[in-house]
Amino acid sequence: HMRYACSPAGLDIDLPQSMFDEWEITIDGNVNEPYTANLPDLVAEAEAAGVVVTKPSKMVCELNPIGGGGIGQAEITGIPVSWLIEKAGGYKDGTTGVKALRADGSSKRAFPVGKVDSDEALLVYKIGGEYLDATRGYPCTNWVEGVDAQINSKQVDTYHVTDEDIDYTDKWAGNPN
């Protein structure tokens, strides 16, 4: 129930600040210098480096019909995944994409390296100027623009850079691009 911050009875629960303070992000796989860092430290470093992005972005469900309501727009604040990978010494040859791994192991969605290189992939920690709540993936969520909302894995803790031959257009293979 921690991901949803609700009890079986549906009562809202405030998630502890310590969860944000102690959250770790790992960058591993097909990079030169894999690392793990504390989320608040990454946020502070990215802010000091001037790489944090705040902008309006939309999210849409691919099953949304034309004119349907399954679309939303919000102001997001996050760290470009490209910057996180640069901190890991950059890609090794043959890199095809990145897998966003959720802390509980329930998601292994992947997106192509082009989404990283164009800064469309972000580690988001604020929406609408506010730190995330549980329904939005507290303490952080993966956000990739221009793809189905399923790639935006809540409570992401690892970006696994891969050289696998993945069909990034096949949503049924776990890649909703």
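Check the entry above for the structure.
Right, let's walk through the structure included here. Here the residue numbers are simple positions, counted from 1 along each chain's written sequence. Totals for whole chains, interfaces and linings use all residues, but because this is a predicted model, local features are given only for residues with pLDDT of at least 70 and pairs of side-chain atoms are given and counted only at 80 or more. Water and hydrogen atoms play no part in the side-chain values, which are based on all heavy atoms of the structure.

### Quick look at the overall build of the protein chain
Thinking step 1. Under the DSSP-based scheme used, a helix requires at least four consecutive residues in state H or I and a strand at least two consecutive residues in state E, with every element numbered from the N terminus. Looking only at helices and strands, the protein chain has four helices and 10 strands in total.
Thinking step 2. Listed by position from the N terminus, the elements making up the protein chain come as α-β-β-α-β-β-α-β-β-α-β-β-β-β.
Thinking step 3. Think of it in three bands: with a 1.4 Å probe and only protein chains considered, a residue is buried below 20% of the maximum accessible area for its type, exposed above 50%, and partly exposed in between. Within the protein chain, the proportion of its 177 residues that are buried is 44%.

### Some points on the side chain of Thr26
Thinking step 1. Within the secondary structure, Thr26 is located in strand E1 (residues 24–29).
Thinking step 2. A 3.5 Å cut-off defines polar contacts: any pair of N or O atoms within that distance qualifies, except that in protein one atom must be a possible hydrogen donor and the other a possible acceptor, and neighbouring residues in sequence count only when both atoms are side-chain atoms. A distance of 2.8 Å separates a polar atom in the side chain of Thr26 from a polar atom in the side chain of Thr36.
Thinking step 3. Those residues in contact with Thr26, other than ones at most four positions away along the chain, are Tyr35, Thr36, Asp157, Thr158 and Tyr159. A contact between two residues is defined here by any heavy atoms of the two lying within 4.5 Å.

### Remarks on the environment of Val161
Thinking step 1. Within the secondary structure layout, Val161 lies in strand E10 (residues 156–162).
Thinking step 2. For the pair Val161 and Val31, spaced 130 residues apart in sequence, the C-alpha to C-alpha distance is 6.6 Å.
Thinking step 3. Each residue touching Val161, except ones within four places of it in the same chain, is listed here: Asp28, Gly29, Asn30, Val31, Ile85, Tyr91, Thr95, Gly97 and Val98.

### What about helix H2 (residues 39–49)?
Thinking step 1. For H2, the set of buried residues is Leu39, Leu42, Val43 and Ala46. Projected down its long axis, H2 shows its buried positions confined to an angular sector of 100 degrees, all on one face. H2 presents Asp41 and Ala48 as exposed residues on the side facing more than 90 degrees away from its buried surface.
Thinking step 2. Contacts made by the buried residues of H2 are with helix H1 (17–22), E1, strand E2 (35–38), strand E4 (71–80), helix H3 (81–87) and strand E7 (121–127). By construction, the arc corresponds to the directions joining the helix axis to the C-beta atoms.

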